[in-house]
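# Notes for the structure review
So you can see what is in the structure, the chains are spelled out below.
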Amino acid sequence: MSEAYPSAKVAAFLRRDHRLLIGGEWVAPADGGTIAVWNPATGEQIAGVAAAGTIEVDLAVRAARAAFERGTWPGMSGATRARLIWRLSELLLEHADELAELETFDNGKPLHDTRAVDLPVASELLRYFAGWATKLNGISTAIGDPGEYQAFTLREPIGVVAQIIPWNFPLIMAVMKLAPALAAGCTVVLKPAEETPLTALRLGELIAGAGFPAGVVNILTGIGEVTGAALSAHPDVDKIAFTGSTEVGRKIVQASAGNLKRVTLELGGKSPMVVLPDADIDAVIAGATTGIFFNSGQSCMAGSRLIVHEAVHDWVVAGIAARARAIRVGSGFDRTTQIGPLVSEVQLARVSRYLDEGKAAGATLHAGGHRHGTHGYFVEPTVFGRADPSMSIIREEIFGPVLGVMAYATHDLEAIAALANDTSYGLAASVWTRNITTAHRLVRLIRSGQVWVNGHHVGGADLPVGGYKQSGWGRENGRDGIEAYTEVKSVAIALNPPGDWLAIKG
Ligand code: NAI
Ligand code: MG
């Protein structure tokens, strides 16, 4: 370690008495509940944050409702909303070092990743959606017969939105949820994951500093089963936007039925990386290694199933396994670290169970397979070869640095696509080939929200993200992402009405 962490700024932030942001004030929970925050690289507690109960959920929803109904936010011009959202993007960059460090303490991911990926991506999402605040328009059309009408649609904000996010990209997830909601004119109650609440709390301070009116963004740290469940069931929340496990996604759908909330869900994945025998194998080895091990495999789009043709199987597996063994696993504050720990002891236990199940089921271990070290929540980058579709390591989302490899012998593209589609998920997929026709045909045959050709984990604010099948409902990012925060109102203005209906009948 060449620099001392925590820096003075972050140390002071960690020591604070963290409260809940409700109606522009930082409020302590009525029952004094707290949640311990852990450093996943050491297993030591680094902070404590408030746990919001149902009382605070109610207060936060009321604050968001007041900011919505008084027109404090939806009544502002799109241009004014855009300026505030853009200002927040600037504040993120002004405080990038501090936020990146905080994210590394909280989540464990390497500091060079939080600096080079999380902060710039979060800031860019805000700038992108700031632009949409002035461009959300409906359509204009002429209808008639009988009569003649000028008709158009209005896109209006849905209202009060609760946003429940996970711990794998805490700041990016917070911003990816907030930016489109705010641009559309919605007001928000945001609930970060209990594992990683810190950057969202700092973001709350920056939001106040940027000049957003009180109550437009409320932030409740809290336990999923309490705070998240209360938000999902709350009768005055108009929409829930959720990213997390498929299991909790189902609970949210059930809880939201009471007032028929709008729901968007970005859930789990078991994304295939499909390698054709004509692919550029060096590119496959490099791309698939990143595809699975980026963020320690804690990505909903992680390429966790490698489906590779027999003709190149041994070459590809040997290459990925060699790279996996060479990956430097360690503290995110160590400059040489390439991947950090898993986020929590719970995730370490979960991933360790899959390692055991893979071995017990008879998959061949080409790399890793064990916990790394004895402190913190580290796992060795792992490659299981000769896996089969019935194994849990192939069927279930592991959310750790664990790749399952399956070989195929056919050249029939429909059969190859069937292997890729043999999952209850449909979030992302990558196809590796030099043949443009093969690429296009597989793109059409694969049932998932994203398909990449000769790459994995490719994205941008303008490209929608979301799932087919049990990977979710709806899309985030791009036009589809912001439209998911709007209702459509159809308006028709009579130009030449057809006359009295009863008289026509008579
Ligand atoms: P989770 O789905 O329980 O947590 C995600 C968020 O949901 C957190 O903010 C949590 O507080 C909240 N939550 C939990 N229970 C809730 C409830 N009953 N009502 C409302 N909100 C609730 O995910 P968890 O337990 O942290 O991870 C378990 C697995 O989920 C992972 O191993 C991974 O497979 C998957 N996962 C997928 C993610 C994705 O990006 N799609 C992100 C995180 C986890
Ligand atoms: Mg959970």
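Look a little higher up for the structure.
The structure contained in this document is the topic of the report that follows. Computed from a predicted model, the values in this text were never measured in an experiment.

Strands sit in the order β14-β15-β16-β13-β12-β17-β18 across an open sheet of seven strands; the sheet is mixed. Here the strands that pair on one side only, and so sit at the sheet edges, are β14 (364-367) and β18 (450-453). Along the sheet, successive strands turn relative to each other by an average axial angle of 20°, direction set aside. Across four bridges, strand β17 (residues 428-432) lies against β18 in parallel orientation. Residue pairing in the sheet places A428 in a bridge with Q450 of β18. Along the sheet, helix α11 (residues 310-326) contacts β12 (271-275), β13 (303-309), β14, β15 (382-385) and β16 (402-408); its crossing angle with β13, the most-contacted strand, is approximately 145°.

With that out of the way, let us pick up the packing of aromatic side chains. According to the stated counting rule, one finds six aromatic pairs in the structure shown. Ring centres of F105 and F333 lie 4.4 Å apart, and the angle between their planes is 50°; on these two criteria the pair is classed as tilted. Of the two residues, F105 is situated in helix α4 (residues 96-107) and F333 in the loop between α11 and α12 (345-361); the sequence distance between them amounts to 228 residues. The class for F333 is buried, based on a relative accessible area of 9%. Three or more aromatic residues joined by ring pairs form one cluster here, namely Y5, F105 and F333. Against the face of Y485 rests K239, its NZ or CZ located 4.2 Å from the ring centre. The ring of Y354 carries R353 above its face, with NZ or CZ at 4.7 Å from the centroid.

A few words now on the site of ligand 1. Near ligand 1, the surroundings consist of 27 residues, among which I165, W167, E194, S245 and E397 are the closest. Between an oxygen atom of ligand 1 and a main-chain N or O atom of I165, the distance comes to 2.8 Å. At 3.5 Å, a side-chain N or O of N168 approaches an oxygen atom of ligand 1. Protein coverage of the free-state accessible area of ligand 1, which is 810 Å², stands at 91%. Every element with two or more residues in the shell around ligand 1 is listed here: α8 (224-233), β10 (239-243), α9 (246-255) and α12. Sort the elements by how many residues they give to the shell around ligand 1 and α8 lands first, with four residues.

Here the focus is helix α1 (residues 8-15). The periodicity of an α-helix, 3.6 residues per turn, causes residues three or four places apart in sequence to face the same way. Of the positions making up α1, those classed as buried are V10, A11, F13 and L14. Take α1 and look down its axis: the buried residues cluster within an arc of 160°, on one side only. Within α1, the exposed residues directed more than 90 degrees away from the buried face are A8, K9 and R15. Contact partners of the buried residues in α1: β4 (44-50), α4 and α7 (198-210).

Let us now look at the nonpolar core. Grouped together as the largest cluster of nonpolar side chains are 70 residues, with contacts concentrated most on L92, L182, L198, L203 and F212. If one sorts the elements of this core by residue count, helix α6 (residues 170-184) sits on top with twelve residues. Excluding its chain neighbours within four sequence positions, the residues that come into contact with L182 are W73, R81, I85, V188, F212, V216 and V217.

A separate point is the packing of α6 against α7. At a minimum axis separation of 9 Å, α6 and α7 run at an interaxial angle of 45°. When the axes of α6 and α7 are compared, the pair comes out oblique. For α6 against α7, the interelement crossing comes out right-handed. Facing P170, L171, A174, V175 and L178 of α6, the residues of α7 in contact are T199, L203 and I207. Looking at side-chain class alone, the contact of α6 with α7 contains seven nonpolar, one polar and no charged residues.

The next thing to look at is helix α14 (residues 413-420). Within α14, burial applies to L413, I416, A417 and A420. Down the axis of α14, the smallest arc covering the buried residues is 100°, so these residues share one side. The inward-facing, buried residues of α14 abut β12, β13, β16 and α15 (436-445).

We now examine the sheet that holds strand β6 (residues 148-157). If you walk across this open sheet you meet the three strands as β5-β6-β22, and the pairing is antiparallel. Of all strands in the sheet, those bounded by a partner on one side alone are β5 (140-144) and β22 (486-496). Neighbour-to-neighbour, the strand axes of the sheet open up by a mean angle of 30°, direction not taken into account. As paired elements, β5 and β6 share five bridges and run antiparallel to each other.

Cis geometry is found at the peptide bond from Y5 to P6, where omega equals 0°. In this fold, P6 is placed in the segment before α1. A cis amide bond links D145 to the next residue, P146, at an omega of 5°. As for its placement among the helices and strands, P146 is situated in the loop between β5 and β6. Here L260, not a glycine, exhibits a phi torsion of approximately 50°, which is positive. Within the secondary structure layout, L260 lies in the loop between α9 and β11 (262-266). For F399, which is not glycine, the phi dihedral falls at a positive 65°. Structurally, F399 can be placed in the loop between α13 (392-395) and β16. Of the residues examined, F399 reaches a relative accessible area of 15% and is grouped as buried.

Axes are the key here: two packed helices are described by the angle between their axes and the distance separating the axes. At a closest axis distance of 10 Å, the pairing of α1 and α4 adopts a crossing angle of 55°. Considering their axes alone, α1 and α4 lie oblique with respect to each other. Handedness of the α1/α4 crossing: right-handed. Here K9, V10, F13 and L14 of α1 lie close against α4, whose contacting residues are E98, E101, L102 and F105. A breakdown of the residues in the contact of α1 with α4 according to their chemical character gives five nonpolar, no polar and three charged.

What counts as what
Residues numbered from 1 in each chain as written. Chains lettered and ligands numbered in written order. Predicted model: local features only at pLDDT ≥ 70, side-chain atom pairs only at ≥ 80, totals over all residues. Heavy atoms only, no water. Pairing = 2+ DSSP bridges. Helix = DSSP H or I, 4+ residues; strand = E, 2+ residues; numbered from the N terminus. Axes fitted to C-alpha atoms, helices over the stretch in contact; angles between N-to-C directions. Contact = heavy atoms within 4.5 Å. Phe/Tyr/Trp six-rings, centres within 6.5 Å; stacked < 30°, edge-to-face > 60°. Buried < 20%, exposed > 50% of the residue type's maximum accessible area, 1.4 Å probe, protein only. Lys NZ or Arg CZ within 6 Å of the ring centre and 35° of its normal. Near = heavy atom within 4 Å. Polar contact = N/O pair within 3.5 Å; in protein donor to acceptor, adjacent residues only side chain to side chain. Areas by Shrake-Rupley, 256 points an atom, 1.4 Å probe, with all protein chains shown as cover. Arc of directions from axis to C-beta. Core = buried A, V, L, I, M, F, W, Y, C linked by side-chain atoms within 4.5 Å. Parallel < 35°, antiparallel > 145°, perpendicular 65-115°, else oblique. Left-handed = near helix turned anticlockwise from the far one by under 90°. Nonpolar A, V, L, I, M, F, W, Y, C, P; charged D, E, K, R; others polar.

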